[in-house]
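# Geometric and topological summary
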Amino acid sequence: MGFVYIIVSPHCEGIYVGSSKVKPSERLKQHRQDARRKRTVTSTPIIEAGDAVLNVLEDVDNPLELCVREQHYIDNLPNVVNKRNAISDGDIVCGCGGH
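Attention in this report is confined to the structure presented alongside it. (Residues numbered from 1 in each chain as written. Predicted model: local features only at pLDDT ≥ 70, side-chain atom pairs only at ≥ 80, totals over all residues. Heavy atoms only, no water.)

## Considering unusual backbone geometry
In this structure, Lys 38 takes a positive phi of about 60 degrees despite not being glycine. Residue placement: Lys 38 occurs in the loop between helix H1 (24-36) and helix H2 (44-49). If you check the backbone angles, Asn 79 has positive phi at about 60 degrees while not being a glycine. (Helix = DSSP H or I, 4+ residues; strand = E, 2+ residues; numbered from the N terminus.)

## Focus on H1
For an α-helix the count is 3.6 residues per turn, leaving residues at separations of three or four pointing the same way. Relative to the 18 Å expected for 13 residues at 1.5 Å per residue, H1 spans 18 Å between its end C-alpha atoms, a close match to the ideal helical length. If you check which residues of H1 are buried, you get Arg 27, Leu 28, His 31, Asp 34 and Ala 35. One face of H1 carries all of its buried residues, which in axial projection span an arc of 115 degrees. Residues Ser 25 and Arg 36 are exposed on H1 and point more than 90 degrees away from its buried face. (Expected span 1.5 Å × (residues − 1). Buried < 20%, exposed > 50% of the residue type's maximum accessible area, 1.4 Å probe, protein only. Arc of directions from axis to C-beta.)

## A closer look at the environment of Asp 75
For Asp 75, the position within the fold is in helix H3 (residues 63-76). Expressed as a C-alpha distance, the spacing of Asp 75 and Asn 85, which sit 10 residues apart in the sequence, is 8.9 Å. Of note is the side chain of Asp 75, whose polar atom sits 2.7 Å from the side chain of Gln 71. (Polar contact = N/O pair within 3.5 Å; in protein donor to acceptor, adjacent residues only side chain to side chain.)

## Brief notes about the sheet that holds strand S3 (residues 53-60)
Strand pairing in a sheet relies on backbone hydrogen bonds. The paired strands run either parallel or antiparallel. Pairing is antiparallel in the open sheet, where 3 strands are placed in the order S2-S1-S3. Every interior strand has two partners, whereas the edge strands, strand S2 (12-20) and S3, have only one. Put simply, the sheet's adjacent strands are angled 20 degrees from each other on average, direction ignored. Relative to S2, strand S1 (residues 2-9) runs antiparallel, the two sharing 6 bridges. Residue pairing across strands places Ile 7 opposite Tyr 16, the latter belonging to S2. (Pairing = 2+ DSSP bridges. Axes fitted to C-alpha atoms, helices over the stretch in contact; angles between N-to-C directions.)

## Observations regarding the environment of Ile 7
The residue Ile 7 is located in strand S1 in this model. For Ile 7, a relative accessible area of 0% corresponds to the buried category. Counting along the chain gives 48 residues from Ile 7 to Asn 55, while the straight-line C-alpha distance between them is 6.4 Å. Non-local contacts of Ile 7, meaning those with residues more than four positions away in its chain, are made with Gly 14, Ile 15, Tyr 16, Leu 28, His 31, Ile 46, Ile 47, Ala 52, Val 53 and Leu 54. (Contact = heavy atoms within 4.5 Å.)

The following block contains the structure:
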């Protein structure tokens, strides 16, 4: 179904947390394309730091649970750069897994 992931770089302390339904390699490629196009996304500084990698934290079978698990990592990992929450007041506000 989907997975929750982080993007990290050995040259940057920040951690980006995301979720997706596409292959990890394709999702990282999309983040790199966003950075090259200078799109304003919170993963860009990590990508631009160099040697960024996408690490899958867990596979998730339920689309609603995908957002819940993404938010769990946003709330609990150190140095998270995400500016939006996956869940707000119990409502799904993101397009979790839309990519």
